[in-house]
Amino acid sequence: MTVSEYLSHVSKLEAFGALLAAYLLYGICLAIYRLYLSPISKFPGPKLAAYTLWYEFYYDVVKRGRFAWEIKRMHEVYGPVVRINPYELHVSDPDFYEELYAGHNRKRNKWAWSADMFGVPGSMLATVDHDLHRRRRAPIAPYFSQQAIRRFDPVIREKLDVLYAKFEEYEKSGQPVNLDAAFTALTTDIITEYAFGISYGHLEAEGFNPEWVPLLMSASENSLLHKQIPWITGVMRKIPLSLLLKIKPEMGNFVVFQEGIHNRLEEIRSGKNPVDPTSDKATIFHGILSSDLPASELTPLRLQGEGQTIVAAGTLTTAHYLKSTMYHILSNPAILQKLRAELEGAMPNLAVLPPYRELDRLEYLNAVINEGFRLSHGIIQRLTRIAPDEALQVAGYTIPPNTPISMSSWDLHLNPTLFPSPHNFKPERWLEPGADALKKYLVNFTKGSRMCLGKDLARTEIVYTLSLLVRRWGGDVDGGMKLWETDRSDVEIEHDFFNPFPRFESKGVRVAFG
């Protein structure tokens, strides 16, 4: 009997049984390899996590951004190096951070599985190869240099003037302000003005366009599903947007966000939004599109990915920092009083905001800013790197080359050995002897060859905003700013959607005047 004759006599039930048996055999072989033969099989961690990525899927997609806390539990049980999925190790040793996130002279690739979790192929964020990332970063980096940010300084001040005026309107009306919405509007309008030459105008919108914050949160949450099942994004994009917003709002909001970036880039391409790329008002994408970059680096898909990355990165982390740090300042009267006293000396005239460099030299303001960096964390999503050319040593282990390895900012920032009483907002820790040595453990902007490009822009926004608000509304005279129906749970991070978010029930950090 030939094979074809044999198969023609096989019933559907027999065929199904054979496929099921083959699938089970494959699963058994895969388990044996991953648990006992894999190059990282000797590293400790839960066996189920070592066997399947569905373990992470459960905590991140089903439980909505909770895998970071499960990793924390793993370290408590298994030690400083744990295997968190079939391919990846997570490390909690603070002194390993600069070894993993090394400079340009040591190659550090991203892990392809997690690199494009936002669906932005071709962007710097999604670039796996160390050398290609360096080439893609080079034409954008000059726009985020300290010199470039100083040229952009008047625009930042203009946006702060709008915020200041809106706060005065709220003060007169007696209505509370949602700082989540206000600071997200501020950072969005600044970064979109710098990226495209036209801001989104959220500062002028009623209530600072409060719908923008949940839209960004939904887009961030969608990254966890896209990382696990990337093809589902393409399928769901074929669904009409109005229906998608109903059945899968985080995906729908992600599409809305991407379309907004696409439209801004098309305005620049078509000449509807002209700016001289050599002027002081040159924007990031006017400059890039008029550069001599090869056509392969100027495709619409790649530029949309960069635009999406720049806007999201320039918006969410700084806004989260500002609302969290303002909460801690306002909830600690002694800190508020001391900071305002320092700012009164530096800003005798409320109508004149001193130059950035003068404010950035203030000792206590710097201590407050550093403590804000420590407790806001930047992003808390683990950042995975691969050392393709070398084995790495940590905590008595040798990690083979080409192994995905990750660390998390909050793991360092809340380390009680480095920072006693780590959950307390205590600026004075940065004024104590030896405090300078602790700054290496502030990794909110990460480190190494992929350090956050926007760190100088973010710091400028932070220095100006905290100085202006605390100097104007940091006391009881002339209507001080006070927390309104807000407690610490409104700034405590409960969900890791790459960007940190509080409990879903939170209405945000809200303040009232008077």
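Because the structure is a prediction, the values reported are computed rather than measured.

Draft legend 1. Fine view of the packing of aromatic side chains. The final tally for this structure, using the stated rule, is 27 aromatic pairs. Their ring planes at 70° and their centres at 4.9 Å tell us that Trp 54 and Phe 57 sit as a pair that is edge-to-face. You can see Trp 54 and its partner Phe 57 sitting in helix H4 (residues 54-62), three residues apart, about one turn around the helix. Put simply, the rings of Tyr 164, Phe 167, Tyr 170, Phe 208, Trp 473 and Phe 513 pair up and form one aromatic cluster. Geometry around Trp 69 places Arg 66 over its ring, the cationic atom sitting 4.1 Å from the centre.

Draft legend 2. Here's a closer look at the sheet that holds strand E3 (residues 177-178). Ordered by their spatial adjacency, three strands build an open sheet running E3-E11-E8, and the pairing between neighbours is antiparallel. Two strands in the sheet have a free side with no partner beyond their single neighbour: E3 and strand E8 (481-483). Bridging between E3 and strand E11 (residues 510-513) involves two bridges; their strand directions are antiparallel. Following the sheet pairing, Asn 178 is matched in E11 by Arg 510.

Draft legend 3. Highlighting the packing of helix H17 (residues 333-346) against helix H22 (residues 455-473). One can describe the packing of H17 onto H22 by two numbers: an axis separation of 9 Å at closest approach and a directional angle of 100°. One way to sum up the angle between H17 and H22 is to call them roughly perpendicular. Side by side, H17 and H22 meet where Leu 336, Leu 339, Arg 340, Leu 343 and Glu 344 of the first sit next to Leu 466, Ser 467, Val 470, Arg 471 and Arg 472 of the second. Here the contact of H17 with H22 is built from residues that sort into five nonpolar, one polar and four charged.

Draft legend 4. The UniProt feature "binding site: heme" (unreviewed entry) in the protein chain, seen in detail. UniProt tags Cys 452 as "binding site: heme" (unreviewed entry). Its location among the elements puts Cys 452 in the loop between helix H21 (435-438) and H22. In this structure Cys 452 comes out as partly exposed when scored by relative accessible area, which is 31%. Ignoring anything within four residues of it in the chain, the contact list for Cys 452 reads Arg 137, Phe 445 and Thr 446.

Draft legend 5. Main features of helix H9 (residues 146-173). Look at H9: 39 Å from first C-alpha to last across 28 residues, which is about the 40 Å you get at 1.5 Å a residue. In H9, a bend of some 50° at Phe 152 exceeds every other bend along the element, and Pro 154, a proline, comes one to four places later. Phi for Gly 174, located one or two positions after H9, is positive at around 80°.

Draft legend 6. Molecular detail of a nonpolar patch on the surface. Side chains of Leu 13, Phe 16, Leu 20, Tyr 23 and Leu 24 sit close together on the surface and give an oily, nonpolar patch of about 600 Å² of accessible area. Residue position: Leu 20 is located in helix H2 (residues 12-37).

Draft legend 7. Structural context of the UniProt feature "transmembrane region" (unreviewed entry) in the protein chain. Annotation from UniProt places "transmembrane region" (unreviewed entry) at residues 15-37. In this annotation, residues 15-37 is assigned 100% helix and 0% strand; the end-to-end C-alpha distance for the span is 31 Å.

Draft legend 8. Structural detail: the nonpolar core. Counting residues in hydrophobic clusters, the biggest one holds 123 residues, and the most contacted among them are Phe 167, Phe 208, Phe 285 and Met 326. Among the nonpolar cores identified, the runner-up in size contains ten residues, and Phe 57, Ala 219, Ile 229 and Met 236 belong to it.

Draft legend 9. Spatial organisation of helix H11 (residues 212-228). With 17 residues, H11 extends 26 Å from end C-alpha to end C-alpha; this agrees with the ideal 24 Å at 1.5 Å per step. Within H11, 14 of the 17 residues are buried, leaving the element largely enclosed by the surrounding structure.

Draft legend 10. Just the pattern of salt bridges, in detail. On inspection of all chains with the given rule, the structure shows 32 salt bridges. The residue Glu 297 makes a salt bridge to Arg 136 at a minimum N-O spacing of 3.2 Å. Here Glu 297, found in the loop between helix H15 (284-289) and helix H16 (300-330), pairs with Arg 136, found in helix H8 (residues 130-137); they are 161 residues apart in sequence, far enough to count as distant. Summarising the burial analysis for this pair, Glu 297 and Arg 136 share the class buried. The partner of Lys 159 in a salt bridge is Glu 193, and the shortest N-O contact between them spans 3.5 Å. Taken as a pair, Lys 159 in helix H9 and Glu 193 in helix H10 (residues 179-196) lie far apart in primary sequence, 34 residues in all. Taking relative accessible area as the criterion, Lys 159 reaches 11% and is therefore assigned buried.

About the criteria used
Every chain begins its residue count from 1, and numbering advances along the sequence as written. Where totals are concerned, whole chains, interfaces and linings use all residues; where local detail is concerned, this predicted model gives features only for residues with pLDDT of at least 70, and gives and counts side-chain atom pairs only at 80 or more. Hydrogens are left out, water is left out, and the side-chain values use all remaining heavy atoms of the structure. We call Phe, Tyr and Trp rings a pair once their centres come within 6.5 Å, taking the six-membered ring for Trp, and we label the pair stacked below 30 degrees between planes, edge-to-face above 60, and tilted otherwise. Helix and strand assignments come from DSSP, with helices taken as H or I runs of at least 4 residues and strands as E runs of at least 2, each series counted from the N terminus. We call a charge positioned over a ring when the NZ of a Lys or the CZ of an Arg lies within 6 Å of the ring centre and within 35 degrees of the ring normal. Strand pairing is assigned whenever DSSP identifies at least 2 bridges connecting the two strands. Here, axes are lines fitted to C-alpha atoms. For helices the fit covers the stretch in contact, and angles between N-to-C directions go from 0 to 180 degrees. Throughout this description, any angle smaller than 35 degrees is read as roughly parallel, any larger than 145 degrees as roughly antiparallel, any in the 65 to 115 degree range as roughly perpendicular, and the remainder as oblique. Residue contacts follow a heavy-atom distance rule, with two residues in contact if any of their heavy atoms lie within 4.5 Å. The nonpolar class holds Ala, Val, Leu, Ile, Met, Phe, Trp, Tyr, Cys and Pro. Asp, Glu, Lys and Arg form the charged class, and all remaining residues, Gly among them, are polar. UniProt positions are given in the numbering used here, feature names are shortened, and annotations may be inferred rather than shown by experiment. To sort residues, take the accessible area from a 1.4 Å probe on protein chains only and compare it with the maximum for the residue type: under 20% means buried, over 50% means exposed, and anything in between is partly exposed. In this scheme, a helix's expected span is set at 1.5 Å multiplied by one less than its residue total. The angle between axes fitted to the seven residues ending at a residue and the seven residues starting there is what we call the bend at that residue. Nonpolar side chains (Val, Leu, Ile, Met, Phe, Trp, Tyr) are joined into patches within 5 Å and like charges within 9 Å, using only residues with over 30% relative accessible area and no salt bridge. The accessible surface values rely on the Shrake-Rupley method and a 1.4 Å probe; as for residues, cover is taken only from the protein chains in view. One speaks of a salt bridge when a side-chain nitrogen belonging to Lys or Arg is within 4 Å of a carboxyl oxygen belonging to Asp or Glu. Residue types Ala, Val, Leu, Ile, Met, Phe, Trp, Tyr and Cys, when buried and joined through side-chain atoms within 4.5 Å, form a set referred to as a nonpolar core.

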